[in-house]
Structures are given as C-alpha cells and as structure tokens.
Amino acid sequence: MTTFSAVRTTGIYCRPGCGAKPLAENVRTFSLAAAAEAAGYRACLRCRPYRVAQTVSDELPELVCRAVQLIIAGVLDGSGEEALGAQLGFSARHLRRIFFEHLGVTPDQFARSRRAHFARRLLDDSDLKIADVAFAAGFGSLRQFNREMREIFRASPRELRDGRRRSDRLVADGGLVLRLPYDPPYDWDATATFLAAHAIPGVESVEDGVYRRTVSIDGDPGLLEIGPGGDDHLLLKAHLPYWEGVIHIVDRAARLAGLHFRPARRGPGAWGPFEVAVGAVVRDQLAEQEAYAVLRKLVEVHGMPVPGLGHGLTHAFPSAEALAGDELIGPLAQEVAAGNIRFEGQSTELLIRSLAEVPGVSVAAACQVALRVR
Ligand SMILES: [Zn+2]
C-alpha cells in the first residue's frame, strides 16, 4: 500500500522515495493523497503523487469500503453525502464521522480529490479540450472545475495544461489513451491469460497481450483496449461515444484489469457483472466448445451489433432484459432484470446465496461470479 508523507515545514506531500529525508518529527503520513490534501498539504511538483495508484487498508470496516466503492462508481457526482448515506442505511453525519476516522477525509473530500486527480492526469496525458476534461472527470460545471483545481493544485486547468511535461503526453489515433497506475507487484500477463480463458466471444478478445472489448455506454457502443504500459502502469485506450463521466469508465476498466482499491482483492474483475455471470453459468453447465458456441449465439442474436472493429469483436453484450426468454440463461436474466440480484452494495455471502437460488446456477458458478464482481 502506498503511504504518502507530508512535511509540516514545507506544506508539501510526496509519494514514497521522493527527495531528502526530513526530520521525522516534521513528517505526517497519510494512506490517501486526498487525506493529505484535506489536512492542507499540496502535491509535490517533483514526484506528483496524484499519478500513483491509491489503495486503502484491507483492515477497513466493510461500511467504509462499500462507501468508497459507491463513491468510485459516481454516487456523489450529482448528489450529496445524504444520498450516499441513504444507500448504505446511515445518516450522512455518521458516515462522515466513520469515514474521517478511518481515511482522514470526508466522503465529499475524497470524491473531490479523485475528480481533481483524474482531471490532472487527463490534462497531462491527453489532448482533450479543457471543457471535455471537466465533464470526463465528473465535474458539474466549468466553474466548479476551475475552483476545485485551484484549491487542490493552486493553478487553473489552463495553467496546468500549459505546464505539462512533454513526456506525459500519449498520442492517440482517434481514441483516448490513459495510464492505469498500479502498485507493483502486478502481473498483467497472468491477468490477460485469465481474461482470454473467460472471454465472451464477439464481445472480448485477447491478442498479443492486449485485451479488447466492446462496451455499451447508455446504449451507445464503444471499444476499450487494455495492454502493458510500463513498470507501474497499464495503458488504456478508449473509443467512446462521448467524454462525459469517463472517470467511471476508467475505474471500471481498472477493476476489470484487477487493479482494485483494496490490495487483497486484486485479481481479474468484471466489466459487467451480468455478463460475467452468464459466462460462468454457461461454462459451468457445458463443455468448453459447446459453451463457446452457445455464448456466441446469445451475443449474435440478442446483442447490439458493433460493426467494423476487427479482432473478432462484433457485438456489445446483451442486457438481462434481452436474455430473459432464453432457455438456458433466462431464469438468471429474469432475476437480474427484476432487480432481485444485486451485484454491488451487498455482502459476498448474500450475493452467492441469491445467485445459487436461481435454477441452473451452481454454488461453484455463483462463487466464481462473486470473486470477480466484488
Ligand atoms: Zn515529492
């Protein structure tokens, strides 16, 4: 886990291994960059701590972890801490208290810091227009974007873009390229091998160590590519219908690649939990070749066609509603469509139990799903 150190005398916080060792009595440590910022410290210009993976302790209470997960999913984008508390069954006040006690930030401060850091990385790495960066990072307005970037980085988005390092810029041919930072050790090859073995034909492919998949963003198709980048990051290339809320797409891509904010939960995740469940159930019931044929057919008959992609990618994965009438997968699809199975926001045990109650879903398949969607 990354520990950030802040120096009282300079007011600056760093990632590990940066600069000279200050007197220990002047150093405060934080597990989150957001907490250092909330305590009034500014990011070091040399080591740029906003560019490293942020993880939390595995010892955190479940409530705090679920809150973090919901914030990452965007619950605080358009609404306040009351809405977050309501989803978890607690008052905003209680949530703020327990959140601050364990992470050193309030939920709002955590969400603001994440948005600002993501926007900073887009300003550094991409050529997206400044207005597009604001909406990609989940800011509600340009004014809010300007204000919060000034608060956290002491500079306007325009100044930050003008002052970026030339080597940060990633050139894209039409898409958006971004770094997905991780804390080594991390094994992309093993992850890609796993994803290849569990791929849904027509929707996902792995070639030469690069994972590609179709996505459907509010009904519009897109394409994501994840591949190796460097010692401490993967590269994500995204072709999307629009830039709004890209921060959440990038987070989902990072989770799919196994870069979870809880280090103990590393391991390949899911882009779409329903899709993973369908793959697991079909492969649990049928031999590999037959399962492949059945999955391909489900996708071709019920999925949205996405032409011209190559790499064997042809469709976006169908919705639960679209598969509700299928003989093999219908019972599961109906339960998911009716909202009786919630993949997020409940405990692993409950998820496994609710999945395994569905006709045709074995406990083994349910466990496999739970392992990937946690
Ligand atoms: Zn530093």
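Quick caveat: nothing in here was measured; it's all calculated off a predicted structure.

Reading the values: rules and limits
- Residues numbered from 1 in each chain as written.
- Predicted model: local features only at pLDDT ≥ 70, side-chain atom pairs only at ≥ 80, totals over all residues.
- Heavy atoms only, no water.
- Pairing = 2+ DSSP bridges.
- Helix = DSSP H or I, 4+ residues; strand = E, 2+ residues; numbered from the N terminus.
- Axes fitted to C-alpha atoms, helices over the stretch in contact; angles between N-to-C directions.
- Donors = N, O, S within 2.8 Å, 3.2 Å for Na, K, Ca; no water.
- Tetrahedral: all angles 85-135°; square planar, octahedral: opposite > 155°, others 65-115°.
- Buried < 20%, exposed > 50% of the residue type's maximum accessible area, 1.4 Å probe, protein only.
- Contact = heavy atoms within 4.5 Å.
- Domains from an automatic or database assignment.
- Phe/Tyr/Trp six-rings, centres within 6.5 Å; stacked < 30°, edge-to-face > 60°.
- Lys NZ or Arg CZ within 6 Å of the ring centre and 35° of its normal.
- Parallel < 35°, antiparallel > 145°, perpendicular 65-115°, else oblique.
- Nonpolar A, V, L, I, M, F, W, Y, C, P; charged D, E, K, R; others polar.
- Expected span 1.5 Å × (residues − 1).
- Arc of directions from axis to C-beta.

Peer 1: Residues and numbers for the sheet that holds strand β8 (residues 220-228), please.
Peer 2: Spatial strand order, β5-β9-β8-β7-β6: 5 strands in an open sheet with antiparallel pairing. Either end of the sheet is taken by a strand with one partner, and the two such strands are β5 (176-181) and β6 (204-207). Strand-to-strand twist across the sheet, computed as the mean angle between neighbouring axes with direction ignored, equals 25°. Of the strand pairs in this sheet, β5 and strand β9 (residues 233-239) are connected by 6 bridges, and their pairing is antiparallel. Among the inter-strand pairings, Leu176 is bridged to a residue of β9, identified as Ala238.

Peer 1: Just give me the short version of the coordination of the zinc ion, but keep the residues and values in it.
Peer 2: Donor atoms from the polypeptide that coordinate the zinc ion comprise Cys14 (SG), Cys18 (SG), Cys44 (SG) and Cys47 (SG), at 2.3 to 2.4 Å from the metal. Around the zinc ion, the 4 donor atoms sit at angles spanning 105 to 118°, and that spread fits a shape best called tetrahedral. All donors of the zinc ion come from a single chain, and their spacing in sequence reads C-x3-C-x25-C-x2-C. Side by side, Cys14 and Cys18 carry an identical accessibility label, which is buried.

Peer 1: Before we move on, can you summarise the side chain of Thr191 with the specific residues and values?
Peer 2: Following the sequence through the fold, Thr191 ends up in helix α10 (residues 188-197). Residue Thr191 is classed as buried on the basis of its relative accessible area of 7%. In this structure Thr191 touches Tyr186, Ala257 and Pro268, once residues within four positions along its chain are discounted.

Peer 1: Give a detailed account of the sheet that holds strand β4 (residues 42-43), specifying residues and quantitative values.
Peer 2: The strand order across the open sheet built from 4 strands is β3-β1-β2-β4, with neighbouring strands paired in mixed fashion. Sheet topology places β3 (27-30) and β4 at the edges, where each strand pairs with a single neighbour. Looking at chain direction, strand β2 (residues 12-14) and β4 are connected through 2 bridges and run parallel. Directly across from Ile12, in β4, lies its bridge partner Arg42.

Peer 1: Any chance you could break down the domain arrangement of the chain for me, citing the residues and the numbers?
Peer 2: Assigned domains within the chain: domain 1 (4-51), domain 2 (62-167), domain 3 (170-245) and domain 4 (273-373). Distance from the C-alpha centre of domain 1 to the C-alpha centre of domain 4: 45 Å.

Peer 1: How would you explain the packing of aromatic side chains if you had to name every residue and give the values?
Peer 2: Aromatic rings considered in pairs are described by the distance between their centres and by the relative angle of their planes. Evaluation of the coordinates by the stated rule reveals 7 aromatic pairs. Both rings, one in Tyr182 and one in Tyr186, keep their centres 4.7 Å apart while their planes meet at 45°; by these two values the pair is tilted. Overall, the relative accessible area of 10% leaves Tyr182 in the buried class. Just above the ring of Phe139 sits the side chain of Arg115; from NZ or CZ to the centre is 5.7 Å. The ring of Trp271 carries the charged tip of Arg252 above its face, separated from the ring centre by 3.8 Å.

Peer 1: Describe the side chain of Glu148, naming the residues involved and giving the relevant values.
Peer 2: Among the secondary structure elements, Glu148 is positioned in helix α8 (residues 142-153). Taking the relative accessible area as the measure of exposure, Glu148 reaches 6% and is therefore buried. Non-local contacts of Glu148, meaning those with residues more than four positions away in its chain, are made with Arg112, Arg115 and Phe139.

Peer 1: Explain the environment of Gly219 to me, and be specific about the residues and the numbers.
Peer 2: The residue Gly219 is located in the loop between β7 (210-217) and β8 in this model. On the basis of relative accessibility, which here comes to 45%, the residue Gly219 falls in the partly exposed class. The spatial distance from the C-alpha of Gly219 to the C-alpha of Leu351 is 27 Å, given a sequence separation of 132 residues.

Peer 1: Would you mind going over the packing of helix α6 (residues 107-125) against helix α11 (residues 246-256) in detail, with residue names and values included?
Peer 2: Two elements in contact, α6 and α11, have axes whose closest approach is 11 Å; the angle formed by their N-to-C orientations is 90°. Relative to α11, α6 is oriented roughly perpendicular. Every residue of α11 that contacts α6 at Arg114, Arg115 and Phe118 is listed here: Val246, Ile247, Val250 and Asp251. Here the residues of the contact of α6 with α11 are counted per class, giving 4 nonpolar, no polar and 3 charged.

Peer 1: Before we move on, can you summarise helix α5 (residues 92-103) with the specific residues and values?
Peer 2: The end-to-end C-alpha separation of α5 is 16 Å, in line with the 16 Å expected for 12 residues at 1.5 Å each. Of all the residues in α5, the buried ones are Ala92, Leu95, Ile98, Phe99 and Leu103. Each buried residue of α5 sits inside an arc of 135° when the element is viewed along its axis, so together they form one side. Facing away from the buried side of α5 by over 90 degrees, the exposed positions are Arg93, Arg97 and Glu101.

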